[in-house]
Every structure is written in structure tokens, then in C-alpha cells.
Amino acid sequence: MPCSVDELRVFALCFITVLASELGDKTQLAILALSLRGNKAQVWAGSILAFSVVNGLSSALGFLLYKLLPLKALKMAAGAAFVLAGLIGLVRGLRSRPGGAVEEPARPGRSSFVDSLALVGLAEFGDKTQLATVGFSATTGLALMVALAAVSALSLMAAVTCLFGSQLAGRIGGFRANLISYAAFMVVGIAMLLWPS
């Protein structure tokens, strides 16, 4: 069955929001470190499985909220959560020092797949992309489309990071990318608050 314009719009907005919010984030840095030390294909596969589990559950939770709560209240709560997450992220980002070393999460004797599944899965719980997935699903009721958009965006980021990790290592502007992604979160949140219907 072909997708409606609304479904495609939700997919595009969720995809862009999730992709932008992950650039320079701790998850991307973890994938970078893992891919520099281990098997890139296993790191990518483990990351995709972690993204699928976390965002599938997040989207399902959002859909449950969509069914149980009034839509206007959900949009207002999601908008406020986006603004708050963006504001907290901006304040933390501005208070921290730019740069910093990438941690070395890989352990000898374990597969890159298991390491990436565990590390990426843990990094994504409570992350701004999980908030975005819950928020988009709760406010649209399009759980499957939202989950597909989030997993697609994260899989693309992971693939680029694994393939071009060594070239990206010196170029990822984690500090600036984080500030931009948190500002984007605030913009999406403000839009939800101003146009809740």
C-alpha cells in the first residue's frame, strides 16, 4: 500500500531530526571508536540491531500514549520535552569544553557485534533520539513510520561513521554539532507548542 503525504512528511521530519541530533553525539563517537578498533561490518550490524530495539520500543511507547491521552496534551507535552531537552543540552554543551578524546569501549576477546550492540543500545536509552521517536510517534500515531525513519537515519549515520571513520575522526565537530542538534530540538519543540493542533 502506498504511503500518504502525511506519512511521508512524518518520515522526512523524523529522519532529519534524528539524523541531525546524532551528529557528533556520544553514540556516533562510540561507533567511531568501535569501528576504528574492530570489524566495521559487525559494528554496523550491532548498531542497527540496537537502534531497531530501542527505537522500536520507543515508537511503541509513543503509540500507546497516542491511544491513551488527548492529542493536544501530547503535542504540548512533547513540545515542552523537546524544548527542555534542547535547552539542557545547550547549557551543558556551552559549559563543557569543546573537543575531548574518544573513549575506547572495545574489549579484547569480544566480538565487535556484541560490543556495538551493548554500547550503542545503552547509549541510546534516554538519548534525545529516543525522545524524538517517542514524541513523533505519540503525536502522529504513525509508530511504524516513525520507527522506520529513526532506524533509517541512525543506520545511515552508523554506515557513514564506520566507512569513513578514520577520515571523520579529526573532522567531527562534536561541540558545534551538538549545539546545532540541541538548537534544532528547541525549534521543533517551539513549533509543537505554537501549533499544537
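(A) Main features of the environment of Leu49. Locating Leu49 in the fold gives a position in helix 3 (residues 40-68). For the pair Leu49 and Ser116, spaced 67 residues apart in sequence, the C-alpha separation works out to 9.2 Å.

(B) Expanded view of the nonpolar core. In this structure, Cys14, Val18, Ile31 and Phe51 are the most contacted members of the largest nonpolar core, which totals 19 residues. Where this core is concerned, the elements lending two or more residues are helix 1 (5-22), helix 2 (26-37), helix 3, helix 6 (128-140) and helix 7 (143-163). Considering every element that reaches this core, the biggest residue donor is helix 7, with eight residues.

(C) Focus on the pattern of salt bridges. Here the structure, examined in full by the defined rule, presents one salt bridge. Among the salt bridges present, the one from Asp6 reaches Arg9, with a minimum N-O distance of 3.0 Å. Taken together, the residues span about one helical turn, with Asp6 and Arg9 both in helix 1 at a distance of three residues. Since its relative accessible area comes to 52%, Arg9 is described here as exposed.

(D) Inspection of helix 7 at higher detail. Here helix 7 is 21 residues long and its end C-alpha atoms lie 30 Å apart, about the 30 Å a rise of 1.5 Å per residue gives. With respect to burial, helix 7 is a largely interior element, 15 of its 21 residues being buried.

(E) Just the environment of Asp25, in detail. As for its placement among the helices and strands, Asp25 is situated in the loop between helix 1 and helix 2. Accessibility expressed as a relative area gives 4% for Asp25, which makes it buried. Separated by 98 residues in the primary sequence, Asp25 and Ala123 place their C-alpha atoms 9.6 Å from one another.

About the cut-offs
Residues numbered from 1 in each chain as written. Predicted model: local features only at pLDDT ≥ 70, side-chain atom pairs only at ≥ 80, totals over all residues. Heavy atoms only, no water. Helix = DSSP H or I, 4+ residues; strand = E, 2+ residues; numbered from the N terminus. Core = buried A, V, L, I, M, F, W, Y, C linked by side-chain atoms within 4.5 Å. Buried < 20%, exposed > 50% of the residue type's maximum accessible area, 1.4 Å probe, protein only. Salt bridge = Lys/Arg side-chain N within 4 Å of Asp/Glu carboxyl O. Expected span 1.5 Å × (residues − 1).

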